[in-house]
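Okay, here's what each chain looks like letter by letter:
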Amino acid sequence: MSATGARARVRAELTREITEAARRQLATEGAAALSLRAVARELGMASSAVYRYFPSRDELITRLIVEAYDTLGAAVEEAEAAAPRADLRARFRTACRAVRTWALAHPHEYALVYGSPVPGYAAPQVTIGPASRVGEVLCRIVVDGLAHGVLEPGGPEQTLEPGIAERMGLPEGAALNARAILVWTSLFGLVSFELFGHTHNVVARHEAFFDTAVEQWADLVGVP
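Everything quoted here is computed from the prediction, not taken from an experiment. The residue numbers shown here count from 1 along each chain, following its written sequence. Selection of residues for local features in this predicted model requires a pLDDT of at least 70, selection of side-chain atom pairs for listing and counting requires 80 or more, and totals for whole chains, interfaces and linings are taken over all residues. Side-chain descriptors were evaluated using all non-hydrogen atoms of the structure, hydrogens and water having been removed beforehand.

Novice: Can you explain unusual backbone geometry? Please cite residues and give values.
Specialist: Despite not being glycine, Asn201 shows a phi value in the positive range, around 65°. Helix and strand assignments come from DSSP, with helices taken as H or I runs of at least 4 residues and strands as E runs of at least 2, each series counted from the N terminus. Within the element layout of this structure, Asn201 appears in the loop between α10 (175-195) and α11 (206-221).

Novice: Describe the UniProt feature "domain: HTH tetR-type" (unreviewed entry) in the chain, with residues and values.
Specialist: Those places that UniProt annotates as "domain: HTH tetR-type" (unreviewed entry) correspond, in this numbering, to residues 12-72. Between the end C-alpha atoms of residues 12-72 the distance is 22 Å, and the span holds 80% helix and 0% strand. UniProt positions are given in the numbering used here, feature names are shortened, and annotations may be inferred rather than shown by experiment.

Novice: Describe the environment of Ala122, listing the residues and the values that go with them.
Specialist: Its place among the elements puts Ala122 in the loop between α6 (107-114) and α7 (128-131). Residues Ala122 and Arg89, spaced 33 residues apart in sequence, show a C-alpha to C-alpha distance of 37 Å.

Novice: Which residues make up the pattern of salt bridges, and what values do they have?
Specialist: One speaks of a salt bridge when a side-chain nitrogen belonging to Lys or Arg is within 4 Å of a carboxyl oxygen belonging to Asp or Glu. Under the counting rule described, the total for this entry stands at 18 salt bridges. The salt bridge partner of Arg16 is Glu20, with a shortest N-O separation of 2.7 Å. In this pair, Arg16 and Glu20 both sit in helix α1 (residues 3-29), four residues apart, roughly one turn of the helix. The rule is simple: take the accessible area with a 1.4 Å probe, protein chains only, and divide by the maximum for that residue type; under 20% is buried, over 50% is exposed, in between is partly exposed. Judged by relative accessible area, Arg16 falls into the partly exposed class, the value being 36%. According to the relative accessible area criterion, Glu20 is partly exposed, its value standing at 31%. Glu42 is paired through a salt bridge with Arg24; the nearest N and O atoms lie 2.5 Å apart. Here Glu42, found in helix α2 (residues 36-43), pairs with Arg24, found in helix α1; they are 18 residues apart in sequence, far enough to count as distant. By relative accessible area, Glu42 is classed as partly exposed at 43%.

Novice: Help me get a handle on the packing of aromatic side chains, residues and values and all.
Specialist: Aromatic rings from Phe, Tyr and Trp, taking only the six-membered ring of Trp, are treated as a pair when their centres fall within 6.5 Å; an angle between ring planes under 30 degrees marks them as stacked, one over 60 as edge-to-face, and anything in between as tilted. Overall, the coordinates contain five aromatic pairs when judged by the stated rule. Consider the rings of Tyr110 and Tyr114, whose centres lie 4.9 Å apart with planes at 35°: the pair is tilted. Taken together, the residues span about one helical turn, with Tyr110 and Tyr114 both in helix α6 at a distance of four residues. By relative accessible area, Tyr110 is classed as buried at 0%. Ring geometry for Phe210 versus Trp217: centroids 6.0 Å apart, planes at 85°, classification edge-to-face. On the accessibility criterion, Trp217 (10% relative accessible area) is buried. One aromatic cluster is present, built from ring pairs that chain together Tyr69, Tyr110, Tyr114, Phe188 and Phe196.

Novice: Can you break down the nonpolar core residue by residue, with the values?
Specialist: Formed by 60 residues in total, the largest nonpolar core has its most connected members in Phe92, Leu187 and Trp217. Viewed by domain, this core spans two of them, domain 1 (1-55) and domain 2 (65-221), each represented by three or more residues. Here, two residues are considered to be in contact whenever any of their heavy atoms come within 4.5 Å of each other. Ignoring anything within four residues of it in the chain, the contact list for Phe92 reads Leu138, Ile141, Val183, Val214, Trp217 and Ala218. Only buried residues count toward a nonpolar core, which is a set of Ala, Val, Leu, Ile, Met, Phe, Trp, Tyr and Cys residues joined through side-chain atoms within 4.5 Å. Residue ranges labeled as domains rest on an automatic or database domain assignment.

Novice: Describe the UniProt feature "DNA-binding region" (unreviewed entry) in the chain, listing the residues and the values that go with them.
Specialist: In this numbering, the UniProt entry assigns the feature "DNA-binding region" (unreviewed entry) to residues 35-54. Regarding residues 35-54, the helix share stands at 75% and the strand share at 0%, and the terminal C-alpha atoms are separated by 11 Å.

Printed below as a string of structure tokens:
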């Protein structure tokens, strides 16, 4: 291996170690208290060394956010891809369940991207693509239903920002878009309420309640 290749491997490994340490700190201290100096102390590194990999706290937070979105997106994509292509209901059900499963298994990462905003942090453009992955899976199910004539676009409805429907493959200005957005926000709203304890001592069986909600969302969109 060349010297350049060896340096690249070392850099990649140290970047991974820094990110993992930051993720552990995220779980114990929360995103607002995330500190490059604390990460450096845990790894036994000088603060200046960590700053060579992540020049600011915000860059480290961005890395954690992108990884969280990408991990969630990959989990949903993999689960949905395993469902029969012609069974839109199974694909929809599987994708929604994958969101909840991932959130329960990664509560701190979920809280980072769907919980309270980190004070003083503004998410950059690079987070938009990863954040869209779950929505794109749900939209593909809707688009496939439209293509096969089993979903109806409905009457005129101006819900989405200009260009969004075209990018997602949805019909421009259709009432179906509003229902799809309602399902997307309801999905993450219900998962967030469960994860953050808002439905504890209210909902007796969360999994059964969630599955019932998924079926109602599918009905709302018209998924057969």
